[in-house]
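Analysis of the macromolecular model
Given next are the chains, with one letter for each unit.
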Amino acid sequence: MYYGAPARAPGGRTIVFAASGPPGGRLYARRLNDLTARALVGTDDGDWPFFSPDGAWVGFSSHGAIRKLRLDGGTPVVVA
């Protein structure tokens, strides 16, 4: 599976990337001043991440749909 390139937030302080691990592929976010990435809940099988212009939302592809999720948490929303 190809996950696409990592996405860098506007301002460049956070990156979001797709990776596989238990229990499968999902998106992870990491602030550049932190060594630990955190899993973004609700992004199972997510790939091709991108940021909204204000950096508050992460968009991604998952299960045949484009979805968005607030970077600070919440439930993913189907966009298309």
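Analysis parameters
Residues numbered from 1 in each chain as written. Predicted model: local features only at pLDDT ≥ 70, side-chain atom pairs only at ≥ 80, totals over all residues. Heavy atoms only, no water. Helix = DSSP H or I, 4+ residues; strand = E, 2+ residues; numbered from the N terminus. Rg over C-alpha atoms; globule rule 2.2 N^0.38 Å. Buried < 20%, exposed > 50% of the residue type's maximum accessible area, 1.4 Å probe, protein only. Contact = heavy atoms within 4.5 Å. Lys, Arg positive; Asp, Glu negative; His and termini not counted. Charge placed at Lys NZ, Arg CZ, Asp CG, Glu CD. Pairing = 2+ DSSP bridges. Polar contact = N/O pair within 3.5 Å; in protein donor to acceptor, adjacent residues only side chain to side chain.

Of the regular secondary structure elements, the protein chain holds zero helices and eight strands. Listing every helix and strand of the protein chain by position from the N terminus yields β-β-β-β-β-β-β-β. Relative to its length of 80 residues, the protein chain is compact, with a C-alpha radius of gyration of 11 Å against a globular reference of 12 Å. Taking all 80 residues of the protein chain together, 38% fall into the buried category. Sequence separation of at least 24 residues holds for 25% of the intrachain contacts in the protein chain that already meet a minimum separation of 6. Between the averaged position of the 9 positive side-chain charges in the protein chain and that of its 6 negative side-chain charges there is a distance of 6 Å.

So, about the sheet that holds strand β1 (residues 7-8). Where strands meet in a sheet, backbone hydrogen bonds hold them as pairs that are either parallel or antiparallel. On the basis of which strands lie adjacent, the open sheet formed by four strands has the order β1-β2-β3-β4 and antiparallel pairing. The two strands at the open ends of the sheet, each matched to only one other strand, are β1 and β4 (38-39). The pairing of β1 with strand β2 (residues 14-21) spans two bridges and is classified as antiparallel. Residue alanine 7 lies in a different strand from β2, and its bridge partner there is valine 16.

Along the chain, serine 62 turns up in strand β6 (residues 57-62). A distance of 2.9 Å separates the side chain of serine 62 from the backbone oxygen of aspartate 44, its partner in a polar contact.

As a further point, take the sheet that holds strand β7 (residues 65-70). Taken in spatial order, the four strands make up an open sheet running β5-β6-β7-β8, and their pairing is antiparallel. Among the strands making up the open sheet, the edge pair consists of β5 (47-51) and β8 (77-78). One ladder, built from three bridges, connects β5 with β6; its direction is antiparallel. Each residue of the ladder has a partner; that of aspartate 47, found in β6, is serine 61.

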